[in-house]
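# Fold and contact review
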Amino acid sequence: MMKKKSISASKASLVFFLCQMISALDVPLDLSQPPTITQQSPKDYIVDPRENIVIQCEAKGKPPPSFSWTRNGTHFDIDKDELVTMKPNSGTLVINIMNGGKAEAYEGVYQCTARNERGAAISNNIVIRPSRSPLWTKEKLEPNQVREGDSLVLHCRPPVGLPPPIIFWMDNAFQRLPQSERVSQGLNGDLYFSNVQPEDTREDYICYARFNHTQTIQQKQPISVKVFSTKPVTERPPILLTPTGTTSNKVELRGNVLLLECIAAGLPTPVIRWIKEGGELPANRTFFENFKKTLKIVDVSEADSGNYKCIARNILGSTHHVISVTVKAAPYWITAPRNLVLSPGEDGSLICRANGNPKPSISWLSNGVPIAIAPEDPSRKVDGDTIIFSAVQERSSAVYQCNASNEYGYLLANAFVNVLAEPPRILTPANKLYQVILDSPALIDCAYFGSPKPEIEWFKGVKGSILRGNEYVFHDNGTLEIPVAQKDSSGTYTCVARNELGKIQNEVQLEVKDPTLIIKQPEYKVIQRYGHVSFECIIKHDSTLIPTVIWLKDNDELPDDERFLVGKDNLTIMNVTDKDDGTYTCIVNTTLDSVSASAVLTVVARPNPPFDLELTGQLERSIELSWIPGDENNSPITSFVIEYEDGLHEPGVWHYQTEVPGSQTTVQLKLSPYVNYSFRVIAVNEIGRSQPSEPSEQYLTKSANPDENPSNVQGIGSEPDNLVITWESLKGFQSNGPGLQYKVSWRQKDVDDEWTSVVVANVSKYIVSGTPTFVPYEIKVQALNDLGYAPEPSEVIGHSGEDLPMVAPGNVQVHVINSTLAKVHWDPVPLKSVRGHLQGYKVYYWKVQSLSRRSKRHIEKKILTFRGNKTFGMLPGLEPYSSYKLNVRVVNGKGEGPASPDKVFKTPEGVPSSPSFLKITNPTLDSLTLEWGSPTHPNGILISYILKFQPINNTHELGPLVEIRIPANESSLILKNLNYSTRYKFYFNAQTSVGSGSQITEEAVTIMDEGKMAMASRQVDIATQGWFIGLMCAVALLILILLIVCFIRRNKGGKYPVKEKEDAHADPEIQPMKEDDGTFGEYSDAEDHKPLKKGSRTPSDRTVKKEDSDDSLVDYGEGVNGQFNEDGSFIGQYSGKKEKEPAEGNESSEAPSPVNAMNSFV
């Protein structure tokens, strides 16, 4: 969808320079030369008789020539006619008609002669004829009465004008009469009817003749045509109205336009076809006009001669006519004589060769006189179409005329022989600058003159060698061509012209520029109507050239519209409309080249609505709908949606009827009785749906019995003693007729009862009262209208109303699976006692008390629902070592039945939760005091506490692990015999008979020995020495630097030796101390992924246990956000993981502390 063009200015100039070769030796006007005709009027010169006649004749020469004229072959003395003047320094005649002259008086053949001392040139014979636009001759026109189906020719017969007029037919209102395959105008101006129709009757068929030269229009009298009808109209095979007969001849001149015509009569209207016998119609030059009745071939040549056959055909037959075409030719040049410049003693020749059909004769004149009677010249010899000159002298200068003529015309050419002796001269300006584009031809001019003809040589650079070789082309007119210019082609070029009389040189400059390129071309765009679109055109160009960018639309200027925004390298169109569809071209011009790139913009939109909806083939239950699609707006229509309106039942409401493919424009529609239909069509394409078409005409179908019965019939009681029968009413168009009603019938199932029926209207519900509780009924609902009943409906089973169940489930048993899960069983209730649809069973259960603590709390009952006829279920989320109660109830659509007797069950002990807190206080040199709180959820009877602890040395390695068992009734402990100034890590948990609960960890430090500190303070002999103080400062500074490096690496997630040791002995159960005990929190690293909150109670296995004993039923049952399998069992797994024991040995996850670091150096 994109195209790109590039035009180099150098290539265009190539044509100019090569054409200049023809006149490369034009004689400069400052040198003596014979006359040359430069301008003259056309051979056949038709003038306006109301304006002055101007007959042109211009010539050049040295000395300037004088002019004279002949008229009809004799001398025309302009001085004797005061109405004729000649322009100064010119041979152009002006005949003053506007001052009383008559153009007809100056008709004739004129010829101009331009003469100076070196010869005489003559013009063509100029035939002067004034234009004519005569009036129509008066004639009595009889009305044309024609039988329908016959042919008719209305003759125009315009007056003969000069030039011939242009013919057209119009009516009294100056409106052109419509033409078609049936009615058309012939080449002679007549109006042809292949067959007439009643609509051809009129009284104002008027033929007009327009004479363009005088700008006048002549009108023929109106012609009347009356068509009378006869039934039936007789069909006729084709006959030719023009041309007549079976063959004819046609002569046309070479180069003209060949027009052949065939117009036929017949009914139905014949179709015309053209062939060339024994050949093909010429491609690219053949055109068909006037509804293929005219064959047009442009620029004909002798090869187009032959037999052309036109064939007229309709369903009744065919006829034909053969036109034999002969192409003749007026004379045309093969080689026209050219001016000849010779130096004294040189030889030369004039050649005059022409062709034509018939072949033209050649004759020579010298200075306007036939050469046979012209003065003799010993250097001249005539040889047919050639004049040969030998050893010419200055007196040999003259103008020779060559005349080539046949019966269809003539050619006249002037060519002079100018004998001069002149040294070389270079006509190209010195230091002229030539600029070309890289890789394009460079043409460097060296226009010259001299006699004898100089030789031309080219040099590059000031002292360069002569240019030779295949990389250069040397033209006869002196031009140097570099076919493919490169960057190194730039520079100075010297042209040297020399002959025997002298030598001259000239320097010119060549610059090779980078080409202009479009590096980002506009691209094909598809845009929705009212959107915005942008075309890019990013260019690269030589820095010394100034580009101009022009945008075109469809090869024309952009619309004058503010929506078109032209930027530096783009074109933006705002609010795109359908008119913006087309090809956009970016043209970049510099003084040397031009490039362009194009892209197509396709504007798409929803389709236009269909139109001309038509209903045909109307039947009781079907109809055919057809339509004409609207404009698809450049996006193919994929489908048509047909909608209908029921004006009888739902006026103004449109319903979907059907959908058909986009290639279909008719559809057979099924109809329902008693509906007043209107239809409309919506077109759909990829962009969306069109607006609906205008509605079709209405079509009312006849009434009929209903075809269908109500749907969704149900019988459900709302009370224990009734039956509510409901159904979906038929829509209006489903009624098939007036008086729509419903016959409602019911009877008790499995009881030998008759049907009970009622007929209701305008309702969709009927209530039957006094029914037994929850018994099945057979139900049916039948539609009927004024014309009768619908087909027999199918029966459905319904039930009268439900009541609450009467019996509670019995034999309720509970099996305790573990401390948090139990399974309950019950016996199903008898179905009759349910008195409704069995929906399932509900289990109510609640915690009575904890067995480890006698205090009661608020009772919160929990409910689990088990769907269907289940007889067991799982009770999840129980608290260990607790007493529970439960009961079971049956559920139907009315509600719940009575509860079963409460069943008591107990859960066994479980492992306790972690102690509620662990606090370490009163640090001394060798002791620490531990205080703790009992577990929030003991989950049984506590039998003891387990305390484990181990020291952490200065390198954060863990020491030996010590374990102490503490009675369950204790809440504090003093640890003695500890090391002073040492950090310890403590692990603490509680135990029941089932096992140990989750542990809590803390860390603490014993204090430093003050006695030893005092002893150290007394040893000041060394400590007070300057060298020792300096050494200690250096050590402290080094330690500080190391600490900073460690913290930086630690913050960046890196590892260092201490960390590596920690990783090697990591204790997953180590947890940070509380904030309020003055101990240090847990260290963390990005690679450890451990939670770092102080005081956390996260177990070592990374599982989280709830602190309180609230029951969680997220994974169980329906009534309390639970979920069960089909058998009522809980979906999930129950498993306990034993807490990991603290690792034996030295390990720590403690971050390095500044205090610890300093302690290690004390």
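Residues numbered from 1 in each chain as written. Predicted model: local features only at pLDDT ≥ 70, side-chain atom pairs only at ≥ 80, totals over all residues. Heavy atoms only, no water.

### Observations regarding the overall build of the chain
Here is the rule: Elements are defined by DSSP. Helices are runs of H or I of four residues or more, strands are runs of E of two residues or more, and each kind is numbered from the N terminus. Throughout this description, buried means an accessible area under 20% of the type-specific maximum (1.4 Å probe, protein chains only), exposed means over 50%, and partly exposed covers the range between. Should any heavy atoms of two residues lie within 4.5 Å, those residues are considered in contact.
Along the backbone of the chain there are seven helices and 86 strands. A burial count over the chain gives 44% of its 1162 residues as buried. Within the chain, residue pairs in contact and separated by at least 24 positions form 67% of the contacts whose partners lie at least 6 positions apart.

### Let's talk about the side chain of Ser696
On the secondary structure map, Ser696 appears in the loop between β63 (676-684) and β64 (699-700). The exposure class assigned to Ser696 is buried, which follows from its relative accessible area of 8%. In contact with Ser696, other than residues within four places in its own chain, are Leu613, Leu615, Ser678 and Phe679.

### Remarks on the sheet that holds strand β84 (residues 972-975)
Heads up, the condition is: Two strands form a pair only when DSSP identifies at least two bridges running between them. Orientation is described by lines fitted to C-alpha atoms, with helices fitted over the stretch in contact, and by angles between N-to-C directions that extend from 0 to 180 degrees.
The sheet built from three strands is open, its strands ordered β80-β81-β84 with antiparallel pairing. In the strand order of this sheet, the two ends are held by β80 (915-921) and β84, each with one partner. Going from strand to strand, the sheet's axes swing by 15 degrees on average, the running direction of each strand aside. Examined bridge by bridge, strand β81 (residues 928-935) and β84 share four bridges and lie antiparallel to one another. Its bridge partner being in β84, Glu931 is matched across the sheet by Ser972.

### Focus: the pattern of salt bridges
Going by this rule: The salt bridge criterion pairs a side-chain nitrogen of Lys or Arg with a carboxyl oxygen of Asp or Glu, the two atoms within 4 Å.
In this structure the tally under the stated criterion is 36 salt bridges. A salt bridge links Arg563 to Asp561, with the nearest nitrogen and oxygen atoms 3.1 Å apart. The network of salt bridges with common partners includes Arg147, Asp150 and Arg236.

### Some remarks on the pairing of strand β25 (residues 271-276)
Across the two faces of β25 the burial differs, with Ile272, Trp274 and Lys276 buried and Val271, Arg273 and Ile275 not buried at all. As paired elements, β25 and strand β28 (residues 306-314) share six bridges and run antiparallel to each other. Bridged to Val271 within β28 is Arg313.

### Topic: the packing of aromatic side chains
Under the convention used in this document: Ring pairs are drawn from Phe, Tyr and Trp, using the six-membered ring of Trp, whenever the two centres fall within 6.5 Å, and their geometry is named by plane angle: stacked under 30 degrees, edge-to-face over 60, tilted for the rest. Two conditions define a charge located above a ring, namely a distance within 6 Å from the ring centre to NZ of Lys or CZ of Arg, and an angle within 35 degrees of the ring normal.
Tallied over the full model, the rule gives 21 aromatic pairs. Pairing Phe174 with Tyr208 gives two aromatic rings, centres 6.1 Å apart and planes at 45 degrees, and the pair type is tilted. Here Phe174 is found in the loop between β15 (166-170) and β16 (183-185), whereas its partner Tyr208 is found in strand β18 (residues 202-211), with 34 residues between them in sequence. Taking the centre distance of 6.4 Å and the plane angle of 40 degrees together, the rings of Tyr472 and Phe474 count as tilted. One aromatic cluster is present, built from ring pairs that chain together Phe168, Phe174 and Tyr208. The cationic tip of Lys780 hangs over the ring face of Trp755; the distance from NZ or CZ to the ring centre is 4.4 Å.

### Focus: the nonpolar core
Note the cut-off: Each nonpolar core is a collection of buried residues, namely Ala, Val, Leu, Ile, Met, Phe, Trp, Tyr and Cys, held together in the definition by side-chain atoms within 4.5 Å.
Ranked by internal contacts, the top residues of the largest apolar core, which has 31 residues, are Ile53, Ile55, Trp69, Ile95, Tyr106, Tyr110 and Ile128. Broken down by secondary-structure element, the contributors of at least two residues to this core are β3 (44-47), β4 (53-55), β5 (57-62), β6 (66-71), β9 (93-95), β10 (108-116) and β12 (126-130). Here this core takes three residues from β10, the largest share from any one element. Ignoring anything within four residues of it in the chain, the contact list for Ile53 reads Val47, Leu93, Val94, Ile95, Ile97, Ala103, Tyr106 and Ile128. Counting 20 residues, the second-largest nonpolar core is a separate cluster that includes Ile637, Phe640, Tyr644 and Tyr699.

### Points about the pairing of strand β55 (residues 570-573)
As paired strands, strand β50 (residues 533-536) and β55 are joined by four bridges and run antiparallel to one another. Along β55, the bridge assignment pairs Phe535 with Leu571. Pairing of strand β54 (residues 564-566) with β55, which is carried by three bridges, proceeds in the antiparallel orientation. Following the sheet pairing, Phe564 is matched in β55 by Ile573. Counting the residues that bridge the hairpin from β54 to β55 gives three residues.

### With respect to the sheet that holds strand β35 (residues 380-383)
In space, the three strands of this open sheet follow the order β31-β36-β35, with antiparallel pairing throughout. Taken across any chain shown, the strands that pair with only one partner, and hence form the sheet edges, are β31 (348-351) and β35. Pairs of neighbouring strands in the sheet enclose a mean axial angle of 20 degrees, with direction left out of account. Pairing of β31 with strand β36 (residues 386-389), which is carried by four bridges, proceeds in the antiparallel orientation. Residue pairing in the sheet places Leu350 in a bridge with Ile387 of β36.

### Comments concerning unusual backbone geometry
Omega for the peptide link from Lys62 to Pro63 comes to 0 degrees, which places this bond in the cis form. The topology assignment puts Pro63 in the loop between β5 and β6. The omega torsion across Leu162 and Pro163 is -10 degrees, close enough to zero to call that bond cis. When you line up the elements, Pro163 lands in the loop between β14 (152-154) and β15. In this structure, Arg835 is a non-glycine residue whose phi angle is positive, near 55 degrees.

### Side note on the side chain of Ser639
Going by this rule: Polar contact is the term for a pair of N or O atoms within 3.5 Å; when the atoms are in protein, one must be able to donate a hydrogen and the other to accept it, and sequence-neighboring residues count only if both atoms are side-chain atoms.
Looking at where Ser639 falls in the secondary structure, it is placed in strand β60 (residues 639-646). The buried category is assigned to Ser639, whose relative accessible area is 8%. Reaching out from Ser639, the side chain makes a polar contact with the side chain of Glu659 at a distance of 2.8 Å. Ignoring anything within four residues of it in the chain, the contact list for Ser639 reads Glu659, Val660, Pro661, Gly662, Ile682, Ala683 and Val684.

### Considerations on the UniProt feature "transmembrane region" (unreviewed entry) in the chain
Rules: UniProt positions are given in the numbering used here, feature names are shortened, and annotations may be inferred rather than shown by experiment.
Mapped onto the present numbering, the UniProt feature "transmembrane region" (unreviewed entry) falls at residues 1027-1048. End C-alpha atoms of residues 1027-1048 are separated by 32 Å, and the span's content is 100% helix alongside 0% strand.

### Some details on the environment of Ala374
Mapped onto the secondary structure, Ala374 falls in the loop between β34 (369-370) and β35. Residue Ala374 is classed as buried on the basis of its relative accessible area of 8%. Beyond its immediate sequence surroundings of up to four residues, Ala374 is in contact with Ser366 and Val369.

### Describing the state of the cysteines
Stated formally: Note that a disulfide, as used here, is simply two cysteine sulfur atoms within 2.5 Å.
Under the definition given, this model contains six disulfides. Between the sulfur of Cys57 and that of Cys112 lies a disulfide, 2.0 Å long from S to S. Disulfide Cys57 to Cys112: torsion about the S-S bond roughly -70 degrees, handedness left-handed. Within this pair, whereas Cys57 is found in strand β5, its partner Cys112 is found in strand β10, the two being separated by 55 residues in sequence. Judged by its relative accessible area of 0%, Cys57 is buried. Owing to a relative accessible area of 0%, Cys112 belongs among the buried residues under this scheme. Between Cys352 and Cys402 runs a disulfide, and the two sulfur atoms are separated by 1.6 Å. An S-S torsion of about -65 degrees defines the bridge between Cys352 and Cys402 as left-handed. In this pair, Cys352 is assigned in the loop between β31 and β32 (353-357) and Cys402 in strand β37 (residues 398-406), connecting sequence segments 50 residues apart. In the chain, numbering the disulfide-bonded cysteines from first to last in sequence yields the connectivity 1-2, 3-4, 5-6, 7-8, 9-10, 11-12.

### Notes on the environment of Ala114
Tracing the backbone shows Ala114 in strand β10. On the accessibility criterion, Ala114 (0% relative accessible area) is buried. Ala114 sits 45 residues away from Trp69 along the chain, and the two C-alpha atoms are 9.1 Å apart. Leave out the neighbours within four places in its chain, and Ala114 touches Pro35, Ile37, Ala59, Pro65, Ser66, Phe67, Gly119, Ala120 and Ala121.

### What about the confidence of the model for the chain?
As a reminder, the rule being used: How sure the predictor is of each residue is captured by pLDDT, a score from 0 to 100.
On average, residues of the chain score 86 in pLDDT, and 86% of them reach the 70 mark or higher. Scored below 50 in pLDDT, residues 1053-1162 makes 251 contacts in the model with residues more than four places away or belonging to other chains.

### Some details on a nonpolar patch on the surface
Which entries qualify depends on this criterion: Nonpolar side chains (Val, Leu, Ile, Met, Phe, Trp, Tyr) are joined into patches within 5 Å and like charges within 9 Å, using only residues with over 30% relative accessible area and no salt bridge. Computed by Shrake-Rupley with a 1.4 Å probe, the accessible areas treat only the displayed protein chains as cover when residues are assessed.
Where nonpolar side chains cluster on the molecular surface, the patch consists of Leu1037, Leu1040, Ile1041, Ile1044, Val1045 and Ile1048 and spans about 520 Å² of accessible area. Its place among the elements puts Leu1040 in helix α5 (residues 1026-1051). Leu1040 gets classed as partly exposed once you look at its relative accessible area, which sits at 46%.

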